[in-house]
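Notes for the structure review
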Amino acid sequence: MQVRTEVEIAAPPERVWEVLVDFARYPEWNPFMVKIDGSPKEGAQLNVLMALPDGSEHRVRPTLLKVVPARELRWVGRVGADFLLRAEHSFELSSNDGGHTILHHNEDFRGVLVKLITRTLVHTARAFVGMNEALKKRVEQS
């Protein structure tokens, strides 16, 4: 299963990136990923507390796969082996002709457990949209 979202932010990718990787300030603005401990470096493990619109909270410990400043942040989380549940989360930034940033915020879920968490994934998709809008507001107001 895939979650795909997109938002246009009236700022260059470098500014969006600054806010996106400032994990320490997530509690100030992010309604979805309310806390991230860790460093935005490839190979680093993060400790992420997520709050879904249904009121549930989930902790995950993904590993950063790719960190390309002002372009891409990608991590992978697992429950057991990859065949059980593998979730690859990505933020991809590009600029349009007007100098604004297009953020593609996506996640790919694979494994036999995906069928068991379908309801959670619906809430996750809503949470992505909420985070995107909060990021847009944070960047554009600063």
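Residues numbered from 1 in each chain as written. Predicted model: local features only at pLDDT ≥ 70, side-chain atom pairs only at ≥ 80, totals over all residues. Heavy atoms only, no water.

Notes on the sheet that holds strand S2 (residues 33-37)
Here we have three strands laid out as an open sheet, ordered S2-S3-S4, and antiparallel in their pairing. The sheet is open, and its two borders are formed by S2 and strand S4 (57-60), each paired with just one other strand. Averaged over all pairs of adjacent strands, the angle between strand axes in this sheet comes to 10°, irrespective of strand direction. Bridge count between strand S3 (residues 47-51) and S4: four bridges; the pairing is antiparallel. Bridge pairing in S4 places Leu 49 opposite Arg 59. (Pairing = 2+ DSSP bridges. Helix = DSSP H or I, 4+ residues; strand = E, 2+ residues; numbered from the N terminus. Axes fitted to C-alpha atoms, helices over the stretch in contact; angles between N-to-C directions.)

As for the sheet that holds strand S7 (residues 85-95)
By way of backbone hydrogen bonds, the strands of a sheet pair with one another, either parallel or antiparallel. The strand order S1-S8-S7-S6-S5 describes an open sheet built from five strands, whose pairing is antiparallel. Both edges of this open sheet fall to strand S1 (2-9) and strand S5 (63-68), since each of them pairs with a single strand only. The mean inter-strand angle of the sheet, taken between neighbouring strand axes irrespective of direction, is 10°. Sheet analysis places S1 next to strand S8 (residues 101-110), joined by eight bridges and oriented antiparallel. Opposite Ile 9, over in S8, you have Thr 101 as the bridge partner. The strands touched by helix H1 (residues 13-20) are S1, S5, strand S6 (72-79), S7 and S8; relative to S7, the strand with the most contacts, the crossing angle is about 145°. With respect to the sheet, helix H3 (residues 118-141) is in contact with S1, S7 and S8, its orientation differing from that of S1 by roughly 15°. (Contact = heavy atoms within 4.5 Å.)

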